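# Architecture at a glance
Here is how the chains run, residue by residue.
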Amino acid sequence: MSTQKTVRQSADSVKENSLRLEQDKAEQIVDALNTELANAYVLYHQLKKHHWVVEGDNFLAHHRFLEEAYEHVEDGADEIAERAQALGGVPVSGPTAQEERATVEFEGEDVYDVRTMFEHDLELYGDIIESMRDSIELAENLGDPATGEILREILVDLEEDGHHFEHYLEDDTLVSKDATH
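Notes on the structure in this doc start here. (Residues numbered from 1 in each chain as written. Predicted model: local features only at pLDDT ≥ 70, side-chain atom pairs only at ≥ 80, totals over all residues. Heavy atoms only, no water.)

Our next topic: empty space enclosed by the protein. To find leftover empty space, a probe the size of one water molecule is rolled over the atoms. Tallied over the entire structure, the rule returns 1 cavity of 30 Å³ or more. In this structure, the largest cavity spans a volume of roughly 100 Å³. The wall of the largest cavity is formed by 13 residues, among which Ala40, Val73, Gly76, Ile154 and Leu158 lie closest to the centre. Broken down by secondary-structure element, the contributors of at least two residues to the lining of the largest cavity are helix H1 (23–53), helix H2 (59–86), helix H4 (114–141) and helix H5 (145–168). (1 Å grid on protein atoms, 1.4 Å probe; cavity = no way out; pocket = protein on both sides within 12 Å on 5 of 7 lines; lining within 4 Å. Points joined across faces, edges and corners; volume = space filled by probe spheres on them. Helix = DSSP H or I, 4+ residues; strand = E, 2+ residues; numbered from the N terminus.)

This is the structure we're talking about:
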């Protein structure tokens, strides 16, 4: 391992970018992107946890659904990080920095019943969707429609997956109430 340590860019800095977005605008957008990135990883880790611990008669369906959901979040996080870097920023990447930057909270280490886990997930999706809409508006108002478009595509996936959680939480079921009490 090399002992040479050269910092090419400090974590909280934004350097000039080849996309020709003004420095002050790029700084604001990178800040928003890093918040979205941190939020995405909170959601990712919560979904991954639920994927690991889900149980019950619909185990396999829930297990697969959660896997799809966290993969969508991870793909979106990668797009966000790459955009932050393209704008001259440094994507927030360490768990401590992500936790400090995130505006949403992980539910904790306890294991809950499936309905409670999905309720927590739906709440987290809602908070992230609202934040993402604000970041889209910020990027577009600062003259960066490309970032707005990237975030909009991620938002579509978030809204779709969030809506699927909503379906899972509906009261309608084929199981009679007598069978569950």
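There is more to say after this.
Turning our eyes to something else, we now look at the packing of H2 against H5. Following both chains from N to C, one finds H2 and H5 inclined at 165°, their axes separated by 10 Å at the closest point. Between H2 and H5, the angle is such that the two are roughly antiparallel. Pair H2 / H5 crosses with left-handed handedness. Contact residues: Ala61, His62, Phe65, Leu66, Ala69, His72, Val73, Gly76, Glu79, Ile80 and Arg83 in H2; Ala146, Thr147, Ile150, Leu151, Ile154, Leu158, Asp161, His164, Phe165 and Tyr168 in H5. Tallied by class, the residues present in the contact of H2 with H5 amount to 13 nonpolar, 5 polar and 3 charged. (Axes fitted to C-alpha atoms, helices over the stretch in contact; angles between N-to-C directions. Parallel < 35°, antiparallel > 145°, perpendicular 65-115°, else oblique. Left-handed = near helix turned anticlockwise from the far one by under 90°. Contact = heavy atoms within 4.5 Å. Nonpolar A, V, L, I, M, F, W, Y, C, P; charged D, E, K, R; others polar.)

The next thing to look at is H4. For H4, spanning 28 residues, the distance from its first C-alpha to its last is 40 Å, which sits close to the expected 40 Å at 1.5 Å a residue. One side-chain oxygen at the N-terminal end of H4 lies 3.2 Å from the backbone nitrogen of Arg115; it belongs to Asp113. In the segment just after H4, Gly143 is the residue with positive phi, at about 85°. (Expected span 1.5 Å × (residues − 1). Polar contact = N/O pair within 3.5 Å; in protein donor to acceptor, adjacent residues only side chain to side chain.)

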